[in-house]
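Each chain, letter by letter, is given below.
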Amino acid sequence: MAAEVQTPATPSDRAPALDEAAYDRLRRRQWLAGEARADGVDRRTLLRMLAAAGALAAPALAAPVLAPARAAAEEVPRPVPGIVKPLPAEWFVPRGTNAEMRWDALRDADGDAAVGRHVPVERFFVRNHTGTPLIDPDTWRLKLFGTGLRGAPAAGQPVEFGLEDLQDLPSTRISALIECAGNGRSFYASQQGQAVPGTPWTLGGIGSASWRGVRLADVLRAAGLTRAAVDVLPAGLDPHYVTGGTDLGPVRRPLPVAKALDDVLLAYEMNDEPLTPDHGAPVRLVVPGWVGIASIKWVGTIEVADHPLYSPWNTDFYRLWGPDYPAAGTAPITTQVVKSAFELARGAVLEAGRGHRLHGRSWSGAAPVRTVEVSTDGGRSWRRADLRDEPRAHDWTRWSVDWRPEGPGAYELRARATDRRGNGQPERAVFNREGYLFGAVVAHPVTVA
Ligand SMILES: Nc1nc2c(c(=O)[nH]1)N[C@H]1C(S)=C(S)[C@@H](COP(=O)(O)O)O[C@H]1N2
Ligand SMILES: [Mo]
């Protein structure tokens with residue numbers, strides 16, 4: 001058993017840790033040996049995880065917690081308490097503490113593109129566990145500490161960076177999607193008859209933006225990263241997440257050091273503007289290709305440890321449990337699955353007797369999109385869509401297909417993509433108890449009249 005576990009030693013040896021499954025076995029072994037820390041994670045939870053003793057109890061729904069810093073002059077009731085920016089109904093669907101982007105808002109009334117490859121900040125979906133904090137960028141400090149750093153930070157004396165310190169480091173710009181692991185969750189119920197708890201997103205728990213910031217790798221190295229570091233734990237400055245009467249602490253999720261050094265950004269700009277409060281101002285993580293929870297907003301501290309770390313966000317949440325998964329659940333989920341969406345309302349009415357150009361976007365966390373196919377007859381026949389973008393990793397590809405309906409009536413549109421690694425979209429997504437990673441083809445009803 002032990003022989004199949006790789007012990008990280010040098011950064012190059014650590015590359016396999018990008019495989020969270022292998023790394024998770026190591027984490028668990030080290031926890032059992034008393035070498036891993038798991039603040040805020042119930043000991044029984046870890047034991048349950050380790051004992052492969054069947055499914056965990058479903059987490060209760062979040063108790064609403066308001067952001068501590070609300071604008072004083074607030075008269076208009078907000079559709080989502082805790083979100084600062086306006087949420088016009090033509091752009092967003094409120095979902096608890098979150099705001100889902102409406103796909104039909106990507107086209108205007110004439111069918112012209114209203115949004116380019118990047119979603120404007122004011123139209124970008126918001127996923128908040130509690131509420132948006134208002135943080136003064138002038139006094140904000142990023143504090144790094146932990147046993148994976150050299151010198152004083154190892155003893156708990158943090159090394160600090162102000163916003164200007166970060167801006168003085170070499171900057172990098174990337175185009176990347178942020179997508180919630182639960183994006184598409186509602187289709188487990190509506191399309192597969194499988195009830196799952198959690199935010200019932202359709203496909204609008206996603207957005208693409210241009211991010212500018214400093215590579216997390218550069219900041220970790222500047223902070224004195226050692227070769228012994230294995231886990232990096234960024235924590236948000238938003239209010240603690242309280243669920244089922246339990247305070248789980250700040251939103252935080254360990255990141256294997258291999259991913260942290262690979263392509264992760266500490267972003268301070270989104271679409272060429274300073275980050276706005278709802279999207280993590282002054283600084284957030286952007287973790288390309290991975291589930292949105294990895295991209296911690298409002299980051300205040302980063303613990304760098306020479307031993308594995310756990311938080312509720314890689315133990316109780318964001319693993320897959322279900323009849324088709326190991327009894328103790330999978331390793332923490334990381335890479336997003338392939339998905340496709342039409343820039344059209346569900347149930348949209350299209351004019352009869354004329355041709356239509358159907359637009360949509362497809363994406364994959366693993367690789368650039370290779371092909372997109374569209375069916376206008378409920379999946380009986382398929383044809384290639386025209387790709388309107390050069391497919392890129394970690395971003396979506398826009399596409400279109402021309403369609404002249406045979407006559408008035410109800411139609412079911414479908415779109416499915418494959419990526420360059422050969423990942424595709426199945427007819428059915430494999431059920432998991434929390435409804436993560438819904439990657440099946442989504443049936444999109446329209447009426448021609
Ligand atoms: N501190 C903090 N970071 C967070 C969250 C949060 O609630 N608090 N939500 C996460 C989740 S689940 C997602 S999907 C993304 C959403 O990013 P957005 O709100 O900018 O779209 O942020 C992630 N980072
Ligand atoms: Mo999320």
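It should be noted that the structure appears before, not after, this text.
These figures come from a predicted structure and were not determined experimentally. (Residues numbered from 1 in each chain as written. Chains lettered and ligands numbered in written order. Predicted model: local features only at pLDDT ≥ 70, side-chain atom pairs only at ≥ 80, totals over all residues. Heavy atoms only, no water.)

Undergrad: When you look at the overall build of the chain in this model, what are you seeing that I'm missing?
TA: In terms of helices and strands, the chain carries 6 helices and 23 strands. Here the chain holds 449 residues, and the buried ones make up 54% of them. Taking all contacts inside the chain whose residues are at least 6 apart in sequence as the whole, residues at least 24 apart take part in 73%. (Helix = DSSP H or I, 4+ residues; strand = E, 2+ residues; numbered from the N terminus. Buried < 20%, exposed > 50% of the residue type's maximum accessible area, 1.4 Å probe, protein only. Contact = heavy atoms within 4.5 Å.)

Undergrad: I'm lost on the site of ligand 1 in this one. Help?
TA: What surrounds ligand 1 is a group of 20 residues, the closest being Phe-125, His-129, Asp-238, Arg-284 and Lys-297. A distance of 2.7 Å is found between an oxygen atom of ligand 1 and a side-chain nitrogen or oxygen belonging to Arg-284. Isolated, ligand 1 exposes 540 Å² of accessible area, and the fraction of that covered by the protein chains is 100%. Taken together, the residues of the shell around ligand 1 sort by class into 10 nonpolar, 6 polar and 4 charged. (Near = heavy atom within 4 Å. Polar contact = N/O pair within 3.5 Å; in protein donor to acceptor, adjacent residues only side chain to side chain. Areas by Shrake-Rupley, 256 points an atom, 1.4 Å probe, with all protein chains shown as cover. Nonpolar A, V, L, I, M, F, W, Y, C, P; charged D, E, K, R; others polar.)

Undergrad: Just to check I follow, could you spell out the sheet that holds strand β14 (residues 299-305) for this structure?
TA: Note on sheets: strands pair through backbone hydrogen bonds, and any given pair is parallel or antiparallel. If you trace the 5 strands from one edge of the open sheet to the other, you get β4-β3-β14-β7-β10, paired in mixed fashion. The two strands at the open ends of the sheet, each matched to only one other strand, are β4 (159-162) and β10 (255-256). As judged from the 2 bridges shared by strand β7 (residues 231-236) and β10, these two strands associate in the antiparallel manner. Looking at β10, one finds that Asp-231 is bridged to Pro-256. (Pairing = 2+ DSSP bridges.)

Undergrad: How should the packing of aromatic side chains be read in this particular structure?
TA: The description of an aromatic ring pair rests on the distance of the ring centres and on the angle between the ring planes. Tallying each qualifying case throughout the model produces 15 aromatic pairs. An angle of 85° between the planes, with centres 6.2 Å apart, marks the rings of Phe-124 and Trp-211 as edge-to-face. Remark: Trp-211 occurs in strand β6 (residues 206-215) and Phe-124 occurs in the loop between β2 (98-101) and β3 (141-145); sequence separation between them is 87 residues. Here Phe-124 and Trp-211 have matching classes, each one buried. With a centroid separation of 5.8 Å and 85° between ring planes, the pair formed by Phe-125 and Trp-201 is classed as edge-to-face. Here the residue Phe-125 occupies a position in the loop between β2 and β3, and Trp-201 occupies one in the loop between α4 (186-192) and β6, the gap between them amounting to 76 residues. Side by side, Phe-125 and Trp-201 carry an identical accessibility label, which is buried. (Phe/Tyr/Trp six-rings, centres within 6.5 Å; stacked < 30°, edge-to-face > 60°.)

Undergrad: Would you explain the environment of Pro-153 in this entry?
TA: Within the fold, Pro-153 resides in the loop between β3 and β4. You can call Pro-153 buried: its relative accessible area is 9%. As a C-alpha pair, Pro-153 and Val-304 span 151 residues in sequence and 9.3 Å in three-dimensional space. Among residues more than four places away in sequence, those in contact with Pro-153 are Leu-144, Phe-145, Gly-146, Val-159 and Ala-223.

Undergrad: I would appreciate a short explanation of the pattern of salt bridges in the present structure.
TA: Side chains that carry opposite charge are capable of pairing whenever their charged atoms lie near each other. Enumeration over the complete set of coordinates arrives at 20 salt bridges. Between Arg-357 and Asp-402 there is a salt bridge whose closest N-O contact spans 2.7 Å. With a gap of 45 residues between them, Arg-357 in strand β17 (residues 356-363) and Asp-402 in strand β21 (residues 397-403) connect regions that are remote in the sequence. Residue Arg-357 is classed as partly exposed on the basis of its relative accessible area, which comes to 46%. (Salt bridge = Lys/Arg side-chain N within 4 Å of Asp/Glu carboxyl O.)

Undergrad: What is the right way to read the side chain of Arg-185 from this model?
TA: By the element assignment, Arg-185 lies in the loop between β5 (172-179) and α4. Buried charged residue Arg-185 carries no salt bridge. Nearest counter-charge: Glu-434, at 6.0 Å. In terms of polar contacts, Arg-185 uses its side chain to reach the backbone carbonyl oxygen of Pro-197, at 3.4 Å. Here Thr-199 takes part through its backbone oxygen, which lies 2.9 Å from a polar atom of the side chain of Arg-185. Other than its neighbours up to four places away in sequence, Arg-185 contacts Val-196, Pro-197, Gly-198, Thr-199, Trp-201, Thr-202, Glu-434, Gly-435, Tyr-436 and Phe-438. (Lys, Arg positive; Asp, Glu negative; His and termini not counted.)

Undergrad: Teacher, can you tell me more about the environment of Ser-381 here?
TA: Along the chain, the position of Ser-381 falls in the loop between β18 (369-375) and β19 (383-384). Excluding residues within four positions of it along the chain, Ser-381 makes contact with Val-374, Ser-375 and Thr-376. Within the structure, the side chain of Ser-381 is placed 2.6 Å from the side chain of Asp-377, a separation counted as a polar contact.

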